[in-house]
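One letter stands for each residue in the lines below.
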4 protein chains.
Amino acid sequence: MVSNKNKIFNDPVYGFISIPDALHFDIIEHQFFQRLRRIKQLGLTHLVYPGALHTRFHHSLGAMFLMQQAIQVLRSKGHQITKDESIAASLAILLHDTGHGPYSHTLEQTIVKGVSHEAISLLMMQKLNAHFGGNLEEAIAIFKGEHPKRFLSNMVSSQFDMDRLDYLKRDSFFTGVTEGNVNVERLLIMLDVVDNELVIEAKGIYSIEKFIVARRLMYWQVYLHKTVLSAEFMLTNALNRAKELSAQTDLWATPALQYFLKNATGMSDFEQSSEMLEQFSRLDDFDVFTALKVWSGHPDKVLSYLSSSIVNRHLFKVEIRPEPFEEGKIEAIRQSIMRHFSMTATEANYLLIIGETSNHAYHPNQSQINILYKDGTIKDISSASDQLNISVLSHPVTKHFMCYPKELAGLSGI
Amino acid sequence: MVSNKNKIFNDPVYGFISIPDALHFDIIEHQFFQRLRRIKQLGLTHLVYPGALHTRFHHSLGAMFLMQQAIQVLRSKGHQITKDESIAASLAILLHDTGHGPYSHTLEQTIVKGVSHEAISLLMMQKLNAHFGGNLEEAIAIFKGEHPKRFLSNMVSSQFDMDRLDYLKRDSFFTGVTEGNVNVERLLIMLDVVDNELVIEAKGIYSIEKFIVARRLMYWQVYLHKTVLSAEFMLTNALNRAKELSAQTDLWATPALQYFLKNATGMSDFEQSSEMLEQFSRLDDFDVFTALKVWSGHPDKVLSYLSSSIVNRHLFKVEIRPEPFEEGKIEAIRQSIMRHFSMTATEANYLLIIGETSNHAYHPNQSQINILYKDGTIKDISSASDQLNISVLSHPVTKHFMCYPKELAGLSGI
Amino acid sequence: MVSNKNKIFNDPVYGFISIPDALHFDIIEHQFFQRLRRIKQLGLTHLVYPGALHTRFHHSLGAMFLMQQAIQVLRSKGHQITKDESIAASLAILLHDTGHGPYSHTLEQTIVKGVSHEAISLLMMQKLNAHFGGNLEEAIAIFKGEHPKRFLSNMVSSQFDMDRLDYLKRDSFFTGVTEGNVNVERLLIMLDVVDNELVIEAKGIYSIEKFIVARRLMYWQVYLHKTVLSAEFMLTNALNRAKELSAQTDLWATPALQYFLKNATGMSDFEQSSEMLEQFSRLDDFDVFTALKVWSGHPDKVLSYLSSSIVNRHLFKVEIRPEPFEEGKIEAIRQSIMRHFSMTATEANYLLIIGETSNHAYHPNQSQINILYKDGTIKDISSASDQLNISVLSHPVTKHFMCYPKELAGLSGI
Amino acid sequence: MVSNKNKIFNDPVYGFISIPDALHFDIIEHQFFQRLRRIKQLGLTHLVYPGALHTRFHHSLGAMFLMQQAIQVLRSKGHQITKDESIAASLAILLHDTGHGPYSHTLEQTIVKGVSHEAISLLMMQKLNAHFGGNLEEAIAIFKGEHPKRFLSNMVSSQFDMDRLDYLKRDSFFTGVTEGNVNVERLLIMLDVVDNELVIEAKGIYSIEKFIVARRLMYWQVYLHKTVLSAEFMLTNALNRAKELSAQTDLWATPALQYFLKNATGMSDFEQSSEMLEQFSRLDDFDVFTALKVWSGHPDKVLSYLSSSIVNRHLFKVEIRPEPFEEGKIEAIRQSIMRHFSMTATEANYLLIIGETSNHAYHPNQSQINILYKDGTIKDISSASDQLNISVLSHPVTKHFMCYPKELAGLSGI
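Values in this document were obtained by computation on a predicted structure and should not be read as measured data.

Enquirer: Give me the overall build of chain A: which residues, what numbers.
Expert: The helix and strand inventory of chain A stands at 21 helices and 9 strands. The globule rule puts the C-alpha radius of gyration for 414 residues at 22 Å, and the 23 Å found for chain A is close to it. Seen along its three principal axes, the alpha-carbon backbone of chain A occupies a region of about 70 × 50 × 40 Å. Contacts in chain A between residues far apart in sequence, at least 24 positions, make up 69% of those at least 6 positions apart.

Enquirer: Hey, could you go over the sheet that holds strand 4 (residues 197-201) of chain C for me, with residue numbers and the actual values?
Expert: Residues and elements named next belong to chain C. Within the open sheet, the 4 strands sit side by side as 3-4-7-8. Their pairing is mixed. Two strands lie at the open edges of the sheet, namely strand 3 (191-194) and strand 8 (378-380), each paired on one side alone. Each adjacent strand pair in this sheet contributes to an overall mean axis angle of 45°, direction not counted. Alignment of strand 7 (residues 370-372) against strand 8, held across 3 bridges, turns out to be antiparallel.

Enquirer: Would you mind going over the sheet that holds strand 9 (residues 397-404) of chain B in detail, with residue names and values included?
Expert: Backbone hydrogen bonds hold the strands of a sheet together, and the pairing may be parallel or antiparallel. Residues and elements named next belong to chain B. Spatially, 3 strands are ordered 5-9-6 in an open sheet, and the strand pairing comes out antiparallel. The sheet is open, and its two borders are formed by strand 5 (317-321) and strand 6 (353-359), each paired with just one other strand. Between one strand axis and the next, the sheet turns by 25° as a mean value, whatever way the strands run. Here strand 5 runs beside strand 9; their pairing, made up of 5 bridges, is antiparallel. Paired with Arg321 across the bridge in strand 9 is His400. In the packing of helix 12 (residues 226-248) onto the sheet, the strands contacted are strand 5, strand 6 and strand 9, and the crossing angle to strand 5 comes to about 120°.

Enquirer: Kindly report on the interface of chain B and chain C, identifying the contributing residues and their values.
Expert: Between chain B and chain C, the contact holds 4 residues from the first and 4 residues from the second. Counting residues per element, the ones that place at least two in the side of chain B that touches chain C are strand 2 (15-18) and helix 10 (184-189) of chain B.

Enquirer: Let's hear about the relation of the copies chain A and chain B: which residues, and what values?
Expert: Superposition record for chain A on chain B: RMSD 0.0 Å, screw rotation 180°, translation along axis 0.0 Å. Both copies are brought into coincidence by an operation consistent with a two-fold rotation axis. Interface overlap between copies: 100% of the residues of chain A at the interface are likewise at the interface in chain B, consistent with a symmetric, same-surface contact.

Enquirer: Would you mind going over the interface of chain A and chain B in detail, with residue names and values included?
Expert: Interface size is often expressed as the accessible area that is lost when the parts come together. Facing the 33 residues of chain A at the interface are 34 residues of chain B. Contributing elements (two or more residues each) for the side of chain A that touches chain B: strand 1 (8-11), helix 2 (31-34), helix 3 (56-76), helix 9 (162-175) and helix 16 (285-295) of chain A. It is helix 16 of chain A that provides the largest number of residues to the side of chain A that touches chain B, a total of 6 residues. Partitioned by chemical class, the residues of the side of chain A that touches chain B number 15 nonpolar, 13 polar and 5 charged.

Enquirer: Residue-level account of the environment of C:Ala332, with values.
Expert: Residue and element names in this part refer to chain C. Note on placement: Ala332 falls in helix 18 (residues 327-341). Note on Ala332: 16 C-beta atoms within 10 Å, which makes it partly exposed. Along the sequence, Ala332 and Gln368 sit 36 residues apart, while their C-alpha atoms lie 45 Å from each other.

Enquirer: Explain the relation of the copies chain B and chain C to me, and be specific about the residues and the numbers.
Expert: When chain B is fitted to chain C, the best match, at an RMSD of 0.0 Å, comes from turning it 180° and sliding it 0.1 Å along the axis. Here 100% of the interface residues in chain B have copies in chain C that are interface residues too; the copies meet face to matching face.

Enquirer: Could you give an account of unusual backbone geometry, with specific residues and numbers?
Expert: A negative phi angle characterises most non-glycine residues, just as the trans form characterises most peptide bonds. Here the phi dihedral of A:Asn196 falls at roughly 70°; this positive angle occurs in a residue that is not glycine. Of note, A:Asn196 is situated in the loop between strand 3 (191-194) and strand 4 (197-201). Phi is positive for C:Asp195, which is not a glycine, with a value near 50°. Along the chain, C:Asp195 turns up in the loop between strand 3 and strand 4. In this structure C:Asp195 comes out as exposed when scored by C-beta crowding, with 9 C-beta atoms within 10 Å.

Enquirer: Go over the pairing of strand 3 (residues 191-194) of chain D with me, naming the residues and quoting the values.
Expert: Residue and element names in this part refer to chain D. The two faces of strand 3 differ: Leu191 and Val193 on one face are buried, but Asp192 and Val194 on the other face are not. In the sheet, strand 3 pairs with strand 4 (residues 197-201) via 4 bridges, with the strands oriented antiparallel. Counterpart to Asp192 in the pairing with strand 4 is Val199. Linkage of strand 3 to strand 4, two consecutive antiparallel strands, is achieved through a turn of 2 residues, within which Asp195 is found at a positive phi near 50°.

Enquirer: Could you give me a rundown of the packing of helix 16 (residues 285-295) of chain C against helix 16 (residues 285-295) of chain D, with the residues and numbers involved?
Expert: When two helices pack together, their arrangement is given by the angle between the helix axes and the distance between those axes. Relative orientation of the contacting elements helix 16 of chain C and helix 16 of chain D amounts to 125°, with a least axis distance of 10 Å. Between helix 16 of chain C and helix 16 of chain D, the interaxial angle falls into the category oblique. As for the relative orientation of helix 16 of chain C and helix 16 of chain D, their crossing is left-handed in sense. Contact residues: helix 16 of chain C offers C:Phe286, C:Asp287, C:Phe289, C:Thr290 and C:Lys293, while helix 16 of chain D offers D:Phe286, D:Asp287, D:Phe289, D:Thr290 and D:Lys293. A class-by-class count of the residues in the contact of helix 16 of chain C with helix 16 of chain D yields 4 nonpolar, 2 polar and 4 charged.

Enquirer: Would you mind going over the domain arrangement of chain A in detail, with residue names and values included?
Expert: Residues and elements named next belong to chain A. One can read the domain layout of chain A as domain 1 (8-95 + 136-223) and domain 2 (226-357 + 401-410). Placing the centre of domain 1 and that of domain 2 at their C-alpha centroids yields a distance of 32 Å. Contacts between domain 1 and domain 2 engage 11 residues on the former and 10 residues on the latter.

Each value, and the rule that gives it
Residues numbered from 1 in each chain as written. Chains lettered and ligands numbered in written order. Predicted model: local features only at pLDDT ≥ 70, side-chain atom pairs only at ≥ 80, totals over all residues. Helix = DSSP H or I, 4+ residues; strand = E, 2+ residues; numbered from the N terminus. Rg over C-alpha atoms; globule rule 2.2 N^0.38 Å. Contact = placed C-beta atoms within 7 Å. Pairing = 2+ DSSP bridges. Axes fitted to C-alpha atoms, helices over the stretch in contact; angles between N-to-C directions. Least-squares fit on C-alpha atoms with pLDDT ≥ 70 in both. Nonpolar A, V, L, I, M, F, W, Y, C, P; charged D, E, K, R; others polar. Buried ≥ 20, exposed ≤ 12 C-beta atoms within 10 Å, placed from the backbone. Parallel < 35°, antiparallel > 145°, perpendicular 65-115°, else oblique. Left-handed = near helix turned anticlockwise from the far one by under 90°. Domains from an automatic or database assignment.

This is the structure:
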C-alpha cells in the first residue's frame, strides 16, 4: 500500500484514493488524524444497520478525493486555482472532522457540553499548523470561510459541499440503504463558479433534486431512525449518570474518559488548557464503549441498566408521532418505571426520554444551492425546480417521541 | 427493522437478510451472538484497508443467508430436506464462529494459547442448547459432522462451504479488493448432492476455478498482506509482554482481559471452569484495543513501544522473500535494536519478528470439491479442470519474512 | 444455458432469471415472443444513451421475474395464491408487451395509427391461448383486469406494477442514468394485500416517494429527453412521408413493412384480418431502420433528408420552453426551410416539428398507490406522504418544443 | 448531452466518457464511426445472453476512455507524452475497430472472404486522414506499430491493451457473466514504461493473473459458448448459400448487401476500388439480419431453413468433445439430414457443421506481458507468476464440435 509517501488507499466506494503529496501524507500519519480511525462516522447506527462501522477517517479521505475531482472540473471550465490553493482546499476538507469526538452528538450534550466539533477541529488545525511550520495557513482560511476565493469554502462547507456528497454516498453504501446513493460523479461535472460562488449548471437540476430527496430519505431512514435515536439517548443518559457518579466516587474508566468525567468542560476550558485538547485527542469510541461494558456490572441500578442495555442491544421502545405526548401519559410511564425497577423519580427520569426531532431537507435561508442557466441567470434551487416540491421540502418536519424500557410495554396503563 | 420477531437486516452485500423464525431471532438476541458485533472479521486488517471493519456478526448472518439459498436450490433439484434439518443447518452456520475471540489468530497464540475457536464455538452451542431446551441438538450434530445427511455438514465446513463463500465476498466488498469478489449466486445454483455429499455441476467448473483463484488472490493481497501480518505479530508480542508483566505486577486492563492475563488457559481449563467461558464471552475487540491505548503510556519500554506503535499505525518494516533469512543478518538487526532502544536481548526479541507463511489455494487432500458430470461421473476439481492450473495451485507457496522497527531501516548494518 | 426446458437466463440486472415451467418455456420459444428480441425497449434513445439497446424481450423476462418474487412475498404474508394463479399472473406479465411494434410510440402515430399495443397484445395472447389449448385463459383474465383476485391485475398494470418496476430499473441500468435506479428488492418486500387490492406497508413510504421521484427523473432525463424526442418526431415524419409516397409509387421496403405502408390500418382491420396480425408479428426494428438506410438515397428530398439524418445522427435542433412558440417565429423558420432546401410549404412542414409534452410523476386519479398503516388504515401516497411534495408532483408539467434542421440555426431570423 | 463539441457520453460501465477535443468530436460524428452504432460487439451472442446487444461504437469509446486514463498514469510516473501523442494514441484506439463488418467473424469467411478487419480499419483511417487534412498521421503510425514510442502501440494492440481491457469488462457487464469482470482501475495504475515498452509493476501480478483467468473464462463461457458457435456457423452457411444463389438468380437484399453477394471480394479489390470501401461502409447488422428475415420465406430449402432458424432461435444441437468425431458418425448424420429434409448431399452439408476451436489464455510467444520488479528486473508474466499456472494456461486447449438440426436428435442412428 505504502511506497515512500505515495500512498494509495483502497476504498470500496470510489475504488482508489491517492494521497497527493508528502504534506498530506504526514498529516494523515499524525495521531490527530489516525485517531479518526477509531471514531465511527455513524456512532451507534450499526446497532440497526450492522454494516455502518465506517469511520471518520475513511470519510475524510473520501471527501478529500471528491475535492480533488471537483477542482479538476472547475479548472477544466477555465477557473484558475493555483497549486497551493488546491492543496489548501484539500487539506481543509481532510481535516474538517478532526474535532469530532466519539459518538459526537451524544458527547456534545454530556461530557464536553456545549463544545462544537467545528471549534475543536479549528484548534487542532492550528496545532497542526504550528507543527508543520505554518503550512496550513491557507487551509485554515478556507475552513473559516475567510479565503478570497469563496467558492473554495463553499466546497468545504455549504448545503452542497464535498462533506455531504461523501457522507451521503458512503453512509448509503455501508448501511445498505441504497436509495440514499447519490450520483456523485454526475453532480461534480455540473459544478461551476460565478461571482466567486459555487453554482450548479441547469442541466443538473434533476440530479440536485434527487440529491435533496436522497438526503431527506437518509435522514428519516438512517440518521433519525427511531431505534438509533433511542440508542443515542440511552448513551446520553448513561454518560450523564456516569458524570454524576464520578463527582461522588471513583468510577472505572480509561484515563482519557476519566479526565472528562471529572473535569468541567466548556469551550473556554479548551482554549485555556492545552492539556484538555491533548486528553481529547486520546478519546475515541473505545474509551466510551469499553466503559459501558464494565459499567454493565456496576452497583448503581441506573448506570448498569443503561450500560448493559446498550451493550447487549436491549434498546428502549420508541413511540413517535406528530403531536407532543400528554403529560398524563408521561407521568403514568414514569410511575411504572419507578414501580418496576424500584427507583426514585430522579432515577426513573434516566429511563424515560421525551423529545422531538425535526429535519429540513433543504434550508433556503442558509447557504443556497444556486443553479446557473445557459443565459447566465442564477436561481436558488427551491425556485429553479420546475415543480414546487423543493420549496415544500424546505419546510421542516417535526416529530415527537417518547422512549422507555421495553419491559414496560405490556404493563397496564401503558 | 424489528417487527415482533420478523427481523430483516440491511446488508450492503446481499440487500436484505431475513431471520427465518423465532428461535433464530432469540439466538441472535442472545449475548453470545451479540458479542460478535464487537469482533471484527479481519482483526487489524483495517490498518491497511480502512473499510475492513465488518464484524463476525455480519458474516454469520451472511453465511446463514447463503445456507438458506443453498437449501432452496437443493430442494428444487429434488433433494429432500425437512424443515427441522433446514433450521438446524441454518443454526449451525449461524453459530459456527461464536467461539472466535478478538483478533482471534493472535489470541490463540497468546492469552488463550492452544484453544481453537471451533472448540469454544462448540462449548457455546452446548450452553445455548441447554438454555433453549435442547433445540440445538441437530444443529450441533451438523456442526460436528455427525449428522446422517453429510452434505449439510459439507455446507457448514468444507473447501466449498457457506462460510468461505460469504467471507470471500464480504471481505472483498469491505476491503474494496474487487478481484476477490465471487459470483455467489452462480455458484449456489450449481450445487447438487450425490451419494450424500455436496457436488458442483460440471457447467460450473469455470466458476469454481475462478473461486479458487479469487481465494488465492485474497490470501496474498489481504489475509497475508505483509503490513497486516506485521501488525498482527506486533499485537502478539504486545499481549505476550503484557502477560509476562501481569505475572509480576498489576497491569491496567478491563476485568475480562485481566482474567486472561492472570490465568493460565488451555482447553481443559475451559472444559472445567464455566467461569472461563463466561469471562471469554465478555472479551472482545474493545478490551484488547483499549488496553493498547492505555499501555501506550506504560513505563515498560517494550509494552509501550509496541502498544503505541499499533495504535498510531507506526508499523514495523517487513522484508519478505522465498528463502529464509541468514542468521547473521538477523543478529545484526537484533544488535541494532538493543543499541537504538537501549534494550536487553530479551527485550529486543519482542521487536524482531522472524517467521514464514504459506498458502494452499486448494488442498486436494482435504475435503475435495467434487464436480458432477452429466453422465453421472464425479471428479475432484483438481483433475476435472481441463487445464492443469488447479493441480498446480494446490502446491503450497511459502514465504519468509522478517519485521523490525522502521527507525532502524536507515541504520548502518541493515 | 438450456437444459431440457429448465432454462436460466443471465441478466445483468438481477443475475439469473429462471423459467418456471414448460408452458413458460414453450411460449418464450414461440415466434411471437422471440420477435421481442428485435424490438428495443427504448426505440431511438440509444442515439443519446448508447447503452440503451436492451429489448422488450429482456424487459418481459425481468417483469416475470419480479412477479414471481412478489408472489413469494405475498404468500409469506399469508395470502393464498394457488399454483395456477401464480402461473397465470406470471404469463400475463410475460406477455403484456407482445403487442408492441418497432419504435412503438412512433408507429402508433403513423403506419398503425390509432391501434394501441395493449389491444394487439390481447389479440396475440388469444392466438397463443388457442395454440396452447386454452392454457392462457386465466392469464388473459388477469391481463384484462377481470380476475376475481384484483391484486394480481394490480401487479400487471397499475401505478406500481411489475412492468414499471422492471423498466425503471432496467432503463436506468442500460442508459447509465444511475439516479433512476430503484430499490426493487426493498419495494417488493413491502407489498401486501388488503380488500383484494395491492398495498404498500407504511414503512416503505420513503421508498415509494423515491420511486416516484426516480420515475420523474427518468422521464425528463431519458424518456422525454429533447434529443430523443427530436429523433422520434423525425421518424414519425419519415414514416408518414413514406406512406404518402407509397400510395403513388413503389417504395423499397421489406415485405412486412411494405404491407403496412400500402394498407390502411385501424383496430377493426386487425380484428377482421388475421393476415394483418400475421404481418404485424413479422415487423420489427430491422424492417424500419433498414428502410431508413435505403431511403437515405431516395430521390424524394424530404424522405432522404429525414432518413439519412436519423441514420447518421444528424438530428434536429430542439428548442424547449414552458410557453407555446409564437406563430410569427414558427412561420419564419418555415420560410427558412423552404428557402434553404428549395422546398414547398407542404414539404417544409415535414422538417418542422411543433408540439408539447407533459408528464405526471404520479396520477392520484388513476389506480392509486395505497399505503397500509399498522393500525389497518389505508391512505393514498399523495396524502400519506408527510411532506406535500407528492401531491405537488402529481400536478402535470407541460413543456413546448420546436425542432428543425440544425443547418438553419445560424441563419438570420432564427 | 452535446454542448458545442464538448460531448459527454453516459456509459453504464465507466459512468461518463468525455470527448477530449473537436477533432475527436468530428471523427465520432463521421458516418464511418456512426456506422459502428449498428454493429454489435458480440454478433449473435445475444441469442444466448440477451443483454449482449452493445455495439462496437460503445466499445471504441470505452477503449478511448481507458487510453486517456492510462496516459494520465504514465505521465504521473514521469513519462513524457506530448499533447499530440496523447491525441494520436486516443484516436488510434478510437478507430481500431472501424473496419469491422456486421457479424465480423462470419463475414470474413463468407462475403468478404480473406479480408481482415484490421486492413479495412487502416483503409478507413487513411480516408479519414485525407478528409481531416492529415491530422491522423501520427494515429496511423501508432496503429501500424511504427511510432517511435512503442509503448503507445502496445496500449493499442498487445496482450494487455486498452482494447482487451475494455471488451472484457464491457462484455462481462452486458452479458451478466460477472466472473469476467476485470478491475480495470487497479490494472491501469500498475502501468509503467521501461525501454520504450509497456510493463506492469510487480505488485499488480495477482491482478494480471486474475485478468488472464477472467479472459479464459469469458472465452469458454461466452465467446466460444457452444450455442453461440452454432448460431455463427449457421449464419456462415446461410450467407454462403445466399452468395451461391445470387450468382444464379436475383436474391432479395439491401443494396449494400446485394453488392457483396454479387461481387468477388478480396483485399486487392478493396485497395483498387474505392466503391467497395464505400459500399462496405454502408453495411451493418441491419442488412444481414433483415435479409435473414426475408429469406425465411425463400423457396430454397437450405436458405429458408437456416434463415428462419436463426431468426426464431431454433438453433442446431451442438456436440462437443476433446477428440475429433468419427467419420462414420458424421456420415450417419448427413444421411439423416438428407432423408429428413429430402435434400441432396450438397444441400445437407449446409446443415451439418464439423469443426474445432481452441483457445490460448495467454500466448507467451506473442507480445508478452512484462512484469517490472522494484530492483528494475523484468520478467514475462508466465515466468513471473510465483505459481506455474500461467505457464500452464499458455498451452492451447482444443475442442471438437459437430452441429446439426435439433429435429434429428431423437432419430435412430444418432
